[in-house]
Amino acid sequence: MKKNLIYAIALFSIIALGWIASLSQVSGQEKNLSKYKGESIYKQPVDADKLPRGKFWRGNPNAIPGEYIVIFSDGVQELEVEPLAEELVKIYGGKIEDKKHILRHNPRGFIVKMSEAEAEKMSTHEKIDHITENVRVKSEPALLQRMENGRSIEIPPPQKKPEVEEDDEILSLPSGPSDSQTGVDYNLDRIDQRNNIYNGTYNYDYTGQGVTVYVVDSGIKVSHNQFSPNRASVLYNYVNDGIATDCSGHGTGVASVIGGSVVGVAKNVNLVGIRVMDCNDSFTIAILLQAINDLTNVIQVRPIPKMAIVNMSLLVDDPTRLYLDLDNALFRLIRDYDTIVVCGIGQKSQVGGFGTVANAGDNIDYFPGRVNGVISVGMTDNRDRKVSKRIYPNGWLDPGAMAPVTVQIDTAFGSSIDVFAPGGPYNVNGTVLRRGVLVADGSPSATNTAGAYAYGVSPLVAGVAAQYLQINRYAHYFQVWNAIRSFATTGQITDFTPGGGEPNLLLYSNFALAATRNAASYFEGVAPSSLAVAFSSYPSTPTKITVENDSGVEIQAQTSFLGIGQVNFLIPSTISHGEAHTVRVYSGNTLIAHGVAQVNRLAVGLFSANGSGVGLASGQFLRVNRVNPAQQTYETLTQTPGNTMNPDTEDSYLILYGTGIRLRSSLSTVSAKVGGVSVPVTYAGAQGTFDGQDQVNIGPLPASLKGQGESTIELKVENQTSAQVKVWLR
């Protein structure tokens, strides 16, 4: 659904539309998550007595005999890890079975098989922080997914419009819901609307195109038609069972809710499987550490913008903090490598009977939801009630399925939950919620009707995060966190109990994304004191726009135009460069759109006369009499008939208007070509009359350009090139 960025709004450089808002500070609307360094890795305070002590952590009743995880001290560098690991094994004994068991990135250490006595002796080494036992864990959410008395159903092809490629640099934005899918289950139906009124339709503007979600789970059945064409792959398989695909179905189901073509939120996202769980949905702590270690390297080497999300629909019940290494490693992955991580909250569930529902407890006892920076997602049912200490009798399966099942569910509570999303188990009509795809029967088009609740709500949030990143490619993890919470539906959870620390926030996907671009070129980069435009399908007329500074304070920006489709504004001079800053658009005091501006020191752009970013340059043609230089003639640049050069008697100059240029280091770093011919640059800086507008003077034009007609202007400032505009020379 291509849309040209040609607007009827007068260009900044042609008409001064007086700035209608002065610079001011307004109170921040959200918790600022950008200052994590030095803070606790946990969302809630932790009793120090619960943390492991000493250098050898042992005594776990579920420990795997003879398997240990060695964690190096902070001073050990990446290049030291492998030789140090090999040296320690030679000194103290033990065996590193595979090179992949050496953790070079995050954490730094290795996985080793050795006796308890050998491990205890090794722990005394000065370069070892501690050694802990490896433990096998059963992922609680898989309990319902493994029910075997369900049946599969065939699903129709998606009722949606085909995806169209976006331009790499110039943004295309829809004017309303770009796609509408009918016949969806209530989870998709619920997230695109504020009220609990179901119409069986899922409307969405964005598909997550260009975004990658790493699914840390049981793998992905990449051949499933939910992931066509070729959007799913498996990067790592840590389970040593000789099985290369998803034998559980859990990971495939999770991936399908994130980005399946029918049951998914972001229908064109790339899905990458990280297989950590076996066919029984169990895993070891060592495997999870391997996955985080390798993901750290993957995220680290991804080109900027990274546009990556990690979904972890698994949990480790750990009230005694025996698995502190997991918390530390995931926290570093988020904070130090700016990674978006989404997970579900802890839960306890039972199948059958009406006994007392097990107590899930506080979410602070569960990894990964307790880790600071993780987007931890709670669950609601089809009546917008928390799925907490509830018994859902019969009707669990579709009518006609074998043996209806009663399900008892309790989910964890606490202030570490960030947002709720619609989960199971029922659809509005009482049928089971079709939450993912079933792969166990081998059908490439079946969906899971038994226990699909277990895929939970984390994948829904991961899908919405992917939609956000599609438009705001440079967003930091805390900005995605802020966006999801800022636009969540408030006060809709009916059995919410105030004072418990949980937010009464329900996931909402259909919010407006403010795509901030250079006002001249429509490239993503902007600069302090440069002109910008924020495009969106705003639900109401904007009245102000703010840019958040490094302290989390919103700075209200000067504006020259506020309309339903766009806001033209000035990036405040006090905003630091080299960072992505949160942009918020308001109608009155109501937040109506959220986005990110990638602010660089330079954002070189030249305006075009028609506002499209291409074509005839916006500017003037100056002719200076060579005998009497005071005799000067100014003309507006034109395409028809063009501008006439008289090189025998006059020197000709181009005066071009742009933005994002004034913070250049020196004039010597600025160069220009016209029609492929180098032309001197005599000025490049602030225009002086209109805020944010810059001016570039080039000339005199070589006589060889006379009569050349259409000529492309190439402007380069410190090796940054503007979008090419043109002049017509006679």
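That block above? That's the structure.
Let me sum up the structure you'll find in this document. None of these values were measured; they are calculated from a predicted model.

What counts as what
- Residues numbered from 1 in each chain as written.
- Predicted model: local features only at pLDDT ≥ 70, side-chain atom pairs only at ≥ 80, totals over all residues.
- Heavy atoms only, no water.
- Helix = DSSP H or I, 4+ residues; strand = E, 2+ residues; numbered from the N terminus.
- Buried < 20%, exposed > 50% of the residue type's maximum accessible area, 1.4 Å probe, protein only.
- Contact = heavy atoms within 4.5 Å.
- Areas by Shrake-Rupley, 256 points an atom, 1.4 Å probe, with all protein chains shown as cover.
- Axes fitted to C-alpha atoms, helices over the stretch in contact; angles between N-to-C directions.
- Parallel < 35°, antiparallel > 145°, perpendicular 65-115°, else oblique.
- Left-handed = near helix turned anticlockwise from the far one by under 90°.
- Nonpolar A, V, L, I, M, F, W, Y, C, P; charged D, E, K, R; others polar.
- Salt bridge = Lys/Arg side-chain N within 4 Å of Asp/Glu carboxyl O.
- Expected span 1.5 Å × (residues − 1).
- Arc of directions from axis to C-beta.
- Phe/Tyr/Trp six-rings, centres within 6.5 Å; stacked < 30°, edge-to-face > 60°.
- Disulfide = S-S within 2.5 Å.
- Polar contact = N/O pair within 3.5 Å; in protein donor to acceptor, adjacent residues only side chain to side chain.

With that settled, consider the overall build of the protein chain. Scanning the protein chain for helices and strands turns up 9 helices and 47 strands. Expressed as a percentage of its 730 residues, the buried residues of the protein chain come to 60%. In the protein chain, 75% of the contacts between residues at least 6 apart in sequence involve partners at least 24 apart. As presented, the protein chain carries roughly 27,000 Å² of accessible surface, and 50% of it is formed by carbon and sulfur atoms.

This brings us to the packing of helix α8 (residues 458-471) against helix α9 (residues 477-487). Contact pair α8 / α9: the axes reach a minimum separation of 10 Å and the direction vectors enclose 110°. Relative to α9, α8 is oriented roughly perpendicular. Where α8 crosses over α9, the handedness of that crossing is right-handed. On the side of α8, the interface is formed by Val 461, Val 464, Ala 465, Tyr 468 and Leu 469, while α9 contributes Gln 479, Val 480, Ala 483 and Ile 484. Its residues assigned to classes, the contact of α8 with α9 shows 8 nonpolar, 1 polar and no charged.

Moving on to the pattern of salt bridges. It is possible for side chains bearing opposite charge to pair when their charged atoms get close. Scanning the model with the defined rule gives 28 salt bridges in all. Between Lys 99 and Glu 86 there is a salt bridge, and its shortest N-O distance comes to 3.0 Å. In this pair, Lys 99 sits in the loop between α1 (81-92) and β4 (102-103) while Glu 86 sits in helix α1, placing the two residues 13 residues apart along the sequence. The shortest N-O distance in the salt bridge between Arg 623 and Glu 650 comes to 3.0 Å. Here Arg 623, found in strand β38 (residues 619-625), pairs with Glu 650, found in strand β40 (residues 650-659); they are 27 residues apart in sequence, far enough to count as distant. The pair formed by Arg 623 and Glu 650 is uniform in burial state, with each residue classed as buried.

For α1, spanning 12 residues, the distance from its first C-alpha to its last is 16 Å, which sits close to the expected 16 Å at 1.5 Å a residue. Turning to α1, its buried residues number three or more, namely Val 81, Leu 84, Ala 85, Leu 88 and Val 89. Projection of α1 onto a plane perpendicular to its axis shows the buried side chains occupying an angular sector of 135°, all on one side. For α1, the exposed residues set more than 90 degrees away from the buried face come down to Lys 90 and Ile 91. On its buried side, α1 packs onto β3 (63-72), β4, β5 (109-113), α2 (116-122) and β6 (128-138). The first or second residue beyond α1 is Gly 93, which carries a positive phi of 95°.

With that settled, consider the packing of aromatic side chains. Following the criterion strictly, the structure yields 9 aromatic pairs and no others. Ring geometry for Phe 56 against Tyr 68: centres 5.9 Å apart, planes inclined by 45°, an arrangement best described as tilted. With Phe 56 in strand β2 (residues 56-57) and Tyr 68 in strand β3, this pair connects stretches of sequence that are 12 residues apart. Like Phe 56, the residue Tyr 68 is buried in the burial classification. A centroid spacing of 6.5 Å and a plane angle of 45° characterise the contact between Tyr 468 and Phe 511, whose relative ring orientation is tilted. In this pair, Tyr 468 sits in helix α8 while Phe 511 sits in the loop between β26 (505-506) and β27 (512-518), placing the two residues 43 residues apart along the sequence. Note on Tyr 468: relative accessible area 2%, which makes it buried.

The next subject is the state of the cysteines. Joining two cysteines, a disulfide is a covalent bond between their sulfur atoms. Summed over all chains, the structure comprises 1 disulfide. A disulfide bridge connects Cys 247 with Cys 279, and the sulfur atoms are separated by 1.9 Å. Looking along the S-S bond of the Cys 247-Cys 279 disulfide, the torsion reads about -105°, which is the left-handed sense. Of the two residues, Cys 247 sits in the loop between β11 (232-237) and α5 (250-259) while Cys 279 sits in the loop between β12 (270-275) and β13 (282-284), which places them 32 residues apart along the sequence.

On to unusual backbone geometry. Across the junction of Phe 367 and Pro 368, the peptide omega takes the value 5°, indicating a cis bond. With respect to the helices, strands and loops of the structure, Pro 368 is situated in the loop between β18 (366-367) and β19 (375-380). With an omega of 10°, the peptide bond running from Thr 640 to Pro 641 counts as cis. Along the chain, Pro 641 falls in the loop between β39 (632-636) and β40. Within the chain, Ser 529 stands out as a residue other than glycine whose phi angle is a positive 65°.

Moving on to the side chain of Thr 489. Relative to the elements of secondary structure, Thr 489 occurs in strand β25 (residues 489-490). By relative accessible area, Thr 489 is classed as buried at 6%. At a separation of 3.0 Å, a polar atom in the side chain of Thr 489 contacts the side chain of Arg 194. Once residues within four sequence positions are removed from consideration, Thr 489 is found in contact with Gln 193, Arg 194, Asn 504, Leu 505, Leu 506 and Tyr 508.

Looking at where Trp 57 falls in the secondary structure, it is placed in strand β2. Relative accessible area serves as the criterion here: at 8%, Trp 57 is assigned to the buried category. Measuring from C-alpha to C-alpha, the distance between Trp 57 and Leu 322 comes to 7.8 Å, with 265 residues separating the pair along the chain. Residues within four places of Trp 57 in sequence aside, it is in contact with Pro 52, His 130, Ile 131, Thr 132, Glu 133, Leu 322, Leu 324 and Asp 325. Only 3.0 Å separates the side chain of Trp 57 from the backbone oxygen of Gly 54, close enough to count as a polar contact.

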